[in-house]
Amino acid sequence: MARKKKMSTGKKVGITALAAVIVIGGVAGYATLGKKSTTSNVLNEYLPVDMTTQDLSLMTDQYAFEVAANVQQGLLSRTSSGAPKAGLAKSWSHSKDGLTWTFHLRKGLKWSNGDALTAEDFVYAWQRTVNPKTASQYAYIYSGIKNADAINSGKNKDLSSLGIKAKNKTTLVVTLEHPMPQFQNLMAFPVFFAQDKKFESSLGSKVGTSSSKQVYSGPYKFVGWNGSNKKFKLVPNKNYWDAKAVKNKGVNFQVVTDTTAALALYNKGELDQVTLSTPQQIKKYKNSKNFKIYNQSQTDYLEYNQTGKVKGLTNAKIREALNLATDRKTIANSVSEGLDSAATGITPAGLAKTATGGDFAKAVAKKTAYAYNIKKAKKLFAEGMKEAGLKKLTLTIEGSSDSTVTKSTLDTLQQSWSELPGLTVKEKLVPFKQRLLDQENHNFDVVLAAWSADYSEPLTFLNMFVTGGSNNDGSWSNKEYDALIKSASDKNALSDTKRTADEIKAEKVLYQNAGVNPVFWVNAATLSNSKVKGVQYFSSGASYYFWNAYKK
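Starting from 1, residues in each chain are numbered consecutively following that chain's sequence as written. The model is predicted, so local features are restricted to residues of pLDDT at least 70 and side-chain atom pairs to those at 80 or more, both for listing and for counting; the totals for chains, interfaces and linings are taken over all residues. Only hydrogens and water are set aside; all other atoms, that is, all heavy atoms of the structure, feed into the side-chain values.

K.L.:
Tell me about the sheet that holds strand β2 (residues 43–47), and name the residues and values.
P.N.:
Paired strands, as defined in this entry, are two strands with at least two bridges between them according to DSSP. Strands are runs of DSSP state E lasting at least two residues, helices are runs of H or I lasting at least four, and both sets are numbered from the N terminus onward. Read across the open sheet, the 4 strands follow the order β2-β11-β10-β9; overall the sheet is mixed. The sheet is open, and its two edges are formed by β2 and β9 (220–223), each paired on a single side. On average, each strand axis in the sheet is inclined to that of its neighbour by 20°, with strand direction left out of account. Here 4 bridges tie strand β10 (residues 231–236) to strand β11 (residues 251–255), and the two strands are oriented antiparallel to one another. Its bridge partner lying in β11, Lys-233 is registered against Asn-252. Contact criterion: two residues are considered in contact whenever any of their non-hydrogen atoms come within 4.5 Å of each other. Fitted lines through C-alpha atoms give the axes, limited to the stretch in contact for helices. The angle between two N-to-C directions lies from 0 to 180 degrees. Along the sheet, helix α1 (residues 62–71) contacts β2, β9, β10 and β11; its crossing angle with β9, the most-contacted strand, is approximately 135°.

K.L.:
Describe the pattern of salt bridges, naming the residues involved and giving the relevant values.
P.N.:
Salt bridges are counted wherever a side-chain nitrogen of Lys or Arg sits within 4 Å of a carboxyl oxygen of Asp or Glu. Summed over the entire model, instances satisfying the criterion amount to 15 salt bridges. Where Arg-128 meets Asp-55, a salt bridge forms, and the shortest distance between an N and an O atom there is 2.8 Å. Pair noted here: Arg-128 is in helix α2 (residues 119–130) and Asp-55 is in the loop between β2 and α1, with a separation of 73 residues, a long-range link. In this structure, Arg-128 and Asp-55 share a single accessibility class: buried. Arg-499 is the partner of Asp-496 in a salt bridge, and the nearest nitrogen-oxygen pair spans 3.1 Å. Taken as a pair, Asp-496 and Arg-499 lie in helix α16 (residues 496–512) at a separation of 3 residues, close to a single helical turn. The buried label goes to any residue with under 20% of its type's maximum accessible area, the exposed label to any with over 50%, and the partly exposed label to all in between, with areas taken from a 1.4 Å probe on protein chains only.

K.L.:
An account of the environment of Lys-329 is needed here, citing residue identities and associated values.
P.N.:
Within the secondary structure, Lys-329 sits in helix α9 (residues 328–336). By relative accessible area, which is 62% here, Lys-329 ends up exposed. Sequence separation between Lys-329 and Phe-520 is 191 residues; the distance between their C-alpha atoms is 8.1 Å.

K.L.:
Break down the side chain of Asn-478 for me, citing the residues and quoting the values.
P.N.:
Mapped onto the elements of the fold, Asn-478 is located in the loop between α14 (459–462) and α15 (479–489). Overall, Asn-478 belongs to the buried group, its relative accessible area being 15%. At 3.0 Å, the side chain of Asn-478 and the backbone nitrogen of Glu-480 are in polar contact. Setting aside residues up to four positions removed in sequence, Asn-478 forms contacts with Thr-467, Val-509 and Asn-513. For this analysis, a polar contact is any N or O atom pair within 3.5 Å, provided that within protein one partner can donate a hydrogen and the other can accept it, and provided that sequence-adjacent residues contribute only side-chain to side-chain pairs.

K.L.:
Kindly report on the packing of aromatic side chains, identifying the contributing residues and their values.
P.N.:
The pairing test for Phe, Tyr and Trp rings, Trp by its six-membered ring, is centres within 6.5 Å, and the orientation test on the planes gives stacked under 30 degrees, edge-to-face over 60, and tilted for anything in between. Going through the model one piece at a time under the given rule, you end up with 25 aromatic pairs. Between Phe-253 and Phe-546 the ring centres are 6.1 Å apart and the planes differ by 75°, which places this aromatic pair in the edge-to-face class. A residue pair is termed long-range when its members are at least 10 positions apart, and Phe-253 in strand β11 and Phe-546 in the loop between β21 (544–545) and β22 (550–551) qualify at 293 residues. Over the face of the ring belonging to Phe-538 we find Arg-78, whose NZ or CZ atom lies 3.5 Å from the ring centre. Only lysine NZ and arginine CZ atoms are considered, and such an atom sits over a ring when it is within 6 Å of the ring centre and within 35 degrees of the ring normal. Here the basic side chain of Arg-106 rests over the ring of Trp-241, its NZ or CZ set 3.5 Å away from the ring centre.

Spelled out as structure tokens, the structure:
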């Protein structure tokens, strides 16, 4: 994620039990970065932005999750089709009412440093994440687990009252406040993974700030990252319970922010796959046998700062006018040679089904009417400016400088928005990490953000915009919306029909009040060499599992 995963607005990928999975390819690997080796069974991957953290409680972006999903493992893992399967837990069960879950860990589990991995490590990790002192932006995803909300809000000071108990070293019991349809999916999501209290206790805020300041429970260990360098690796973890199942000798990573450079490295055989990030690249390679397109379950959207710090943006008519002045089709076509789609809601197409089996996004589109209408936008903007007592307004749109699609998106927005009477539009491009910080600190007027799904259910997007939510960076607030999300998450959680109805109504409320501005849904285009088989891609949550990959 994704917050269900804060995304770069560039092209990359995105976990869930019901997600579609594809196999991607690669070429000969290298034992050390930048140097050819006789060893070919090493994968070569890249990140388009700098690594942020490997603190499981604090990570929020897709690239941190991508690494974490391979160097750590949860109670559950995922099959190649995306369904839940045993992970560190060899078996699990739940009560008839769905409120009590029991997990039985494998015996003899170890961390990469040799420490014993027990049920208490999950208790410690979950308590640490929901503890408000940790300030985890992902603590909200624990909502539904007994006392999680009360603890995270500070109302309940007793961490031990959280609904997770270790009966013994290998048995965990989790208690829910209400049924959670996505619960099994979440057990394979990094925010719910174990943490080694013995190792972390002396590190304080330094946990996960470099690869040596973390220990690992998964198929690989993370090595060579000092917190800011551009090259690092995943190497097989000999203490992983199923170490023999790892079919390669590791994964080399390098940070390559320039898309032209990344493509050149792929063509030289120094990367196993590359994401095509410009219309020119897509046009050139779309007929290649190694060209692949897949649903990324990502929405790129605009958030408005509604804290009161930015004049005008607390006015619904001004926000609606900005939404109407957004030419989504032009933007979608310009950034991806037509592969991306103009958004008709915040939940992307292909993510979830309705109770009757239809695509959720198509059902929402019947209730929303996100469209480009500059004439109506001018009228509403003038009315809103009068209501707000403004004659002129200057807005700065912020986006990620290390994304190839941001500049063209902002240019199109600037051009159309500037037609609104009295509005001056400026652009601000900052590195991805800075954009995340500015979002979290509400240090923006308008920000081009992106989100990909943690699990294949609309709530993974809709939960973002509840009042006071840790991912509600624009601070939009609506009581009706909050009530609908609460109903979908609680009272109607196990009724597909009623839950879907709540979620569609919530999308309508978001649209009617111009809470946010969905711009386009992302599809990804890649080149990958067929010599490497078995890399699993998931369209939501953490993107890749590498350990089953091998060179044919």
